[in-house]
Amino acid sequence: MTNNPVSGPSAEPLAEALIEKANKKSAFKRQTSWYDGTVLMEIGDEIIWLKIYNGKVIDSRDNVPPIGYDFKISGTIEKWEAFFSGDRKFGDLLRAGGEYYSPEITIEGNLMEANRMHETIHLLAKYTQEVVNNG
Amino acid sequence: MDEPTGHYVEVEGTRTYYEEIGEGPPVICLHPVGANSLIFRQLLPELADRGYRAIAVDLPGHSHSYPVDWEPMNTAHDIAEWAWCFSQEVTNKQPAFLGNALGGVTVLDLAVHHSNKCRAIVAFSGIVKTPNTGDLEWARHPSGCPSWQDRMERLAIDGLSNPDADLIAEMRWIHRGTGQRAAVADDEAWLSHDITGQLHKVDCPVLVAVGEDDYYVPEELIEQTRHELPDDCECQVLPDIGHYPVIENPSRAAKIASQFISTSI
């Protein structure tokens, strides 16, 4: 975890659209009904910090607050764009280990919480893809 | 359309479920990691229509089949040896084997050890060696991997090339029929598979067919497989297909398999 505030100027509109979409989705509500925590998304230089509770995103920031985050989903803009464009599957970009796969989009922080929220991570990535592609 | 019928048989002392349809030379189908015979729901009638007795088994520990001695098998070789015993229980004719993903590498292992008694082998997404991403001991129990079910479903649906919503839903439900212990053992079997240097022992026609969009199978391992297969075997890359040809395009998979097997009859 880090306490250093980092900001991304264009993250706010993306975050607003992402939160609006996530909070409308029954799948997101189902997956996060018993989660009370914080997730950081790093999409290249853009920072989206999300507070999730009781099936909804209830707060967000374009920086990392002093309380940090439970886990972080991060990758270079090139890797995210490969996913947004449909060239690569998100699961493909997450694969790591052995001689054939080096991490491309990584999960860091409390890995047990991230493990528990595996489907939520995929949903956040998918909703971000939809927002980037369709507004 | 005729539907497959379900049966039970005792194999290696364990109650084993399989489905079959059609008459003719037997083709025994082995499923991917964490799946079961349902993944061949559409392929079996397609093979039957082409003149085969199409058989799909729930591997030990999956869906309706109990594990042997109550322990899941975690090597492709053990599964292959069990599959050979299964074939001897359900047919007295020379069988062909067809596998997809874990089933694909399992039938290649079986080809190394039993191909002189096989009609043909069709390995969808089967390669000589899989990319080993490391030890999965941590994933065997929910205390180490509480999300296994979600992960299994994501591994499955992300492996599809261009699925519609119905195929995604079906793949999720197919992978809800196997528990964590057996599914993790499957993944260990997939990840540890390595028959490098052994394919020269193959003594029947073998077809390896890999989806062009299959990101679980690195190109260099397809090339290694192509290089190690005997000259009279085939290695194809299938356009617009991912890791699961048998459910992504059952008609095409059946056509490819039946045409190949027919050349050996």
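Provided above is the structure to which this section pertains.
Residues numbered from 1 in each chain as written. Chains lettered and ligands numbered in written order. Predicted model: local features only at pLDDT ≥ 70, side-chain atom pairs only at ≥ 80, totals over all residues. Heavy atoms only, no water.

Engineer: Got a minute to help me understand the overall build of chain A in this structure?
Structural biologist: Helices and strands together make up the secondary structure of chain A, namely 6 helices and 5 strands. In chain A, the succession of α and β elements from N to C terminus is α-α-β-β-β-β-α-α-β-α-α. In terms of overall dimensions, chain A has C-alpha extents of about 40 × 30 × 30 Å along its principal axes. When the 135 residues of chain A are sorted by exposure, 47% land in the buried category. Taken as a whole, chain A presents about 6,700 Å² of accessible surface, with 48% of it coming from carbon and sulfur. Considering chain A, the positive charge centre built from 15 side chains and the negative charge centre built from 20 side chains are found 8 Å apart. (Helix = DSSP H or I, 4+ residues; strand = E, 2+ residues; numbered from the N terminus. Buried < 20%, exposed > 50% of the residue type's maximum accessible area, 1.4 Å probe, protein only. Areas by Shrake-Rupley, 256 points an atom, 1.4 Å probe, with all protein chains shown as cover. Lys, Arg positive; Asp, Glu negative; His and termini not counted. Charge placed at Lys NZ, Arg CZ, Asp CG, Glu CD.)

Engineer: Can you help me understand the environment of Ile 222 of chain B in this one?
Structural biologist: Residue and element names in this part refer to chain B. Along the chain, Ile 222 turns up in helix H7 (residues 219-228). According to the relative accessible area criterion, Ile 222 is buried, its value standing at 7%. The spacing of Ile 222 and Val 128 is 94 residues in sequence and 7.9 Å in space, taken between C-alpha atoms. Not counting the four nearest positions on each side in its chain, Ile 222 is found in contact with Ile 127, Val 210, Val 217 and Cys 235. (Contact = heavy atoms within 4.5 Å.)

Engineer: Is there a simple way to explain helix H6 (residues 118-134) of chain A in this structure?
Structural biologist: Residues that lie three or four places apart on an α-helix share one face, since the helix turns once every 3.6 residues. All names here are of chain A. Here H6 spans 24 Å end to end across 17 residues, near enough to the 24 Å set by a 1.5 Å rise per residue. Taking burial as the measure, the 17 residues of H6 include 13 buried ones, the bulk of the element. In the stretch just after H6, Gly 135 is the one whose phi turns positive, near 80 degrees. (Expected span 1.5 Å × (residues − 1).)

Engineer: Quick question: what am I supposed to make of a negative patch on the surface here?
Structural biologist: All names here are of chain B. A cluster of acidic residues, Glu 212, Asp 213, Glu 219, Glu 220 and Asp 240, forms a negative patch at the surface. Mapped onto the secondary structure, Asp 240 falls in the loop between strand S8 (234-238) and helix H8 (245-248). Of the residues examined, Asp 240 reaches a relative accessible area of 59% and is grouped as exposed. (Patch = residues over 30% accessible without salt bridge, like charges linked within 9 Å, V, L, I, M, F, W, Y side chains within 5 Å. Salt bridge = Lys/Arg side-chain N within 4 Å of Asp/Glu carboxyl O.)

Engineer: What is the right way to read the pairing of strand S3 (residues 26-30) of chain B from this model?
Structural biologist: In summary, the side chains of a regular strand alternate between the two faces of the sheet. Residues and elements named next belong to chain B. In terms of burial, S3 is a largely internal element, 5 of the 5 residues being buried. Neither face of S3 is left uncovered, since the one carrying Pro 26, Ile 28 and Leu 30 and the one carrying Val 27 and Cys 29 both have all their residues buried. By the bridge criterion, 4 bridges tie S3 to strand S4 (residues 53-57) in an arrangement that is parallel. Bridge assignment links Val 27 to a residue of S4, and that residue is Ala 54. Following the backbone out of S3, through helix H1 (residues 43-49) and into the adjacent parallel S4, one traces a crossover that is right-handed. Direction of pairing for S3 relative to strand S5 (residues 96-100): parallel, over a ladder of 4 bridges. What sits directly across from Leu 30, in S5, is Gly 99. (Pairing = 2+ DSSP bridges. Right-handed = clockwise from strand over helix to strand, strands pointing away.)

Engineer: I'm lost on the packing of helix H3 (residues 77-84) of chain A against H6 of chain A in this one. Help?
Structural biologist: In helix packing, the relevant descriptors are the interaxial angle and the interaxial distance, both defined with respect to the helix axes. Residues and elements named next belong to chain A. Interaxial distance between H3 and H6 falls to 9 Å at its minimum, and their mutual angle equals 80 degrees. Between H3 and H6, the angle falls in the class roughly perpendicular. Only Ala 125, Lys 126, Thr 128, Gln 129, Val 132 and Asn 133 of H6 make contact with H3, whose side of the interface consists of Trp 80, Phe 83 and Phe 84. (Axes fitted to C-alpha atoms, helices over the stretch in contact; angles between N-to-C directions. Parallel < 35°, antiparallel > 145°, perpendicular 65-115°, else oblique.)

Engineer: Honestly, the interface of chain A and chain B in this entry has me stumped. Any pointers?
Structural biologist: Many structure descriptions define interface size as the accessible area lost when the parts assemble. On the chain B side, the residues contacting the 19 residues of chain A number 25 residues. Taken together, both faces of the contact between chain A and chain B bury some 1,700 Å²; the carbon and sulfur share is 51%. The largest contributions to the chain A side of the interface with chain B come from Lys 89, Tyr 100 and Asn 115 of chain A, which together make up 34% of the buried area. We note a salt bridge from Lys 129 of chain B to Glu 99 of chain A, for which the minimum N-O separation is 3.4 Å. At the junction of chain A with chain B, the criterion picks out 10 residue pairs in polar contact (both at pLDDT 80 or more). Looking at the side of chain A that touches chain B, the elements that each hand over two or more residues are helix H4 (90-94), helix H5 (111-116) and H6 of chain A. (Buried area = accessible area lost by both parts, 1.4 Å probe. Polar contact = N/O pair within 3.5 Å; in protein donor to acceptor, adjacent residues only side chain to side chain.)

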